[in-house]
Amino acid sequence: MKKTGLLLFLLIWMTGSVHVYSFSEKQITALGDSIPYGYHLTPVNKQPSPYAFPYLIGEKGNMVVNNLSVPGLTSGELLQELKTNKVVRDAVADSDYILLYIGGNDLLNFLKKNDNLQGVDLEKAAPVIRDLIYNVYSTILEIDALSDGEILVYNLYNPYPAASDQLSAPLSYINQQYQSLVQLVRHFASVTLIDAYGAFAGHPEYIIERDVHPNKKGQEKLAELGWNQLKNKR
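Conventions adopted
- Residues numbered from 1 in each chain as written.
- Predicted model: local features only at pLDDT ≥ 70, side-chain atom pairs only at ≥ 80, totals over all residues.
- Heavy atoms only, no water.
- Helix = DSSP H or I, 4+ residues; strand = E, 2+ residues; numbered from the N terminus.
- Buried < 20%, exposed > 50% of the residue type's maximum accessible area, 1.4 Å probe, protein only.
- Contact = heavy atoms within 4.5 Å.
- Pairing = 2+ DSSP bridges.
- Salt bridge = Lys/Arg side-chain N within 4 Å of Asp/Glu carboxyl O.
- Axes fitted to C-alpha atoms, helices over the stretch in contact; angles between N-to-C directions.
- 1 Å grid on protein atoms, 1.4 Å probe; cavity = no way out; pocket = protein on both sides within 12 Å on 5 of 7 lines; lining within 4 Å.
- Points joined across faces, edges and corners; volume = space filled by probe spheres on them.
- Nonpolar A, V, L, I, M, F, W, Y, C, P; charged D, E, K, R; others polar.
- Polar contact = N/O pair within 3.5 Å; in protein donor to acceptor, adjacent residues only side chain to side chain.
- Parallel < 35°, antiparallel > 145°, perpendicular 65-115°, else oblique.
- Core = buried A, V, L, I, M, F, W, Y, C linked by side-chain atoms within 4.5 Å.

Caption draft 1: Focus on the overall build of the chain. The helix and strand tally for the chain stands at 9 helices and 7 strands. Expressed as a percentage of the 234 residues in the chain, the buried residues total 48%. In the chain, the share of contacts with a sequence separation of at least 24, taken over all contacts with a separation of at least 6, comes to 70%.

In structure tokens form, the structure reads like this:
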């Protein structure tokens, strides 16, 4: 359910009257892996970076941000956390907006086990992609059951721009499935697809050099994409 915190402050007599102040705050919860966590944006990665896109969106909208992202998290692990972790479930239940970026580690773990980028066999990757799409679908349903908030689902950008040909088939298929999934779920849930893949295509400068994570410029782009959706829904 949506959380609207209403705080009333009674000021001491000042001009012969009592003034009552009130305000309400919107709340964002970010779920996902090292991308919304903001990994490698600061020298020490012990906590989510203030430069990560969930915080940048929060700053734009003067909103409270709960960044529950975990580096290395897979879609299956996120789904399990959402089903069993009370902290995560309570945060989602109290949120007006939920940001979801997950799936990159599912693909990267597959690549590590299969000669990295030396030609990705889509048929061999099919079970991994199938499980990923099922987990994302189940995660959206779980979020929708907990919260009336708006869900923003980011698709996957290409973490290896120099190897776009090798990754084009699995990434295109995954993101097509994300789009179809969101179109289906929109019939009964408040969910929007954010096209990180399209925004990062042709922009290797958004990614940390010799890394797979967005730099500050890339995080700003992810924030811009999300904020452009949210600002019209507030």
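Caption draft 2: The arrangement of the pairing of strand β4 (residues 64-67) in detail. Because side chains alternate across β4, one face comprises the buried residues V65 and N67, and the other comprises V64 and N66, none of which is buried. As defined by bridge partners, strand β3 (residues 27-32) adjoins β4 across 4 bridges and the pair is classed as parallel. Along β4, the bridge assignment pairs Q27 with V64.

Caption draft 3: Up close: the pattern of salt bridges. With the rule as written, the count across this model stands at 5 salt bridges. Taking the shortest distance from any N to any O, the salt bridge between K86 and D90 comes out at 2.6 Å. Of this pair, K86 and D90 are both found in helix α4 (residues 86-93), 4 residues apart, which corresponds to roughly one turn of the helix. Taking relative accessible area as the criterion, K86 reaches 58% and is therefore assigned exposed. Here R130 and D131 are joined by a salt bridge, their closest N and O atoms 3.3 Å apart. On the accessibility criterion, R130 (55% relative accessible area) is exposed.

Caption draft 4: Structural context of the sheet that holds strand β5 (residues 97-101). Sheet architecture is open: 5 strands sit in the order β4-β3-β5-β6-β7, paired in parallel fashion. Single-partner strands in this sheet number two, and they are β4 and β7 (191-194). Geometrically, the sheet is characterised by an average inter-axis angle of 20° between neighbouring strands, direction not taken into account. Sheet topology places strand β6 (residues 150-154) next to β7; 4 bridges connect them, and they run parallel. In the sheet register, Y154 faces β7, and the bridge partner there is I194. Along the sheet face, helix α2 (residues 53-61) touches β3, β4, β5 and β6 and points at about 170° away from the line of β4. Of the strands in this sheet, β3, β5 and β6 touch helix α6 (residues 122-146), which is tilted by about 160° from β6.

Caption draft 5: Highlighting the layout of surface pockets. Reported here for the largest pocket is a volume of approximately 340 Å³. Lining the largest pocket are 20 residues, and of these S34, G104, N105, L108 and V212 lie nearest its centre. At the level of elements, α1 (34-37) and α5 (104-113) are the ones that each hand at least two residues to the lining of the largest pocket. In terms of residue count, the dominant contributor to the lining of the largest pocket is α5 (7 residues). Residue composition of the lining of the largest pocket, grouped by class: 11 nonpolar, 7 polar and 2 charged.

Caption draft 6: Representation of the side chain of N158. Residue position: N158 is located in the loop between β6 and α7 (164-185). Residue N158 is classed as buried on the basis of its relative accessible area of 13%. At a separation of 2.9 Å, a polar atom in the side chain of N158 contacts the main-chain amide nitrogen of Y160.

Caption draft 7: Just the packing of helix α3 (residues 75-84) against α4, in detail. Running from N to C, α3 and α4 cross one another at 80°; their axes reach a closest spacing of 6 Å. On the basis of their axis angle, the class for α3 and α4 is roughly perpendicular. Judged by residue contacts, E81, L82, K83 and T84 of α3 engage K86, V88, R89 and V92 from α4.

Caption draft 8: Summary view of the pairing of β6. Counting buried positions along β6 yields 5 of 5 residues, so the element is predominantly enclosed. Here β6 shows no split at all, with E150, L152 and Y154 on one side and I151 and V153 on the other all buried. Summarising the sheet, β5 and β6 pair through 4 bridges and their orientation is parallel. Across the sheet, I98 pairs through a bridge with I151, a residue of β6.

Caption draft 9: Region of interest: the nonpolar core. Ranked by internal contacts, the top residues of the largest apolar core, which has 58 residues, are L31, F53 and I57. A total of 8 residues in this core trace back to one element, the largest contributor, which is α6. For F53, the contacting residues outside a window of four places in its chain are I35, P36, L99, Y101, Y154, Q219, L222 and A223.

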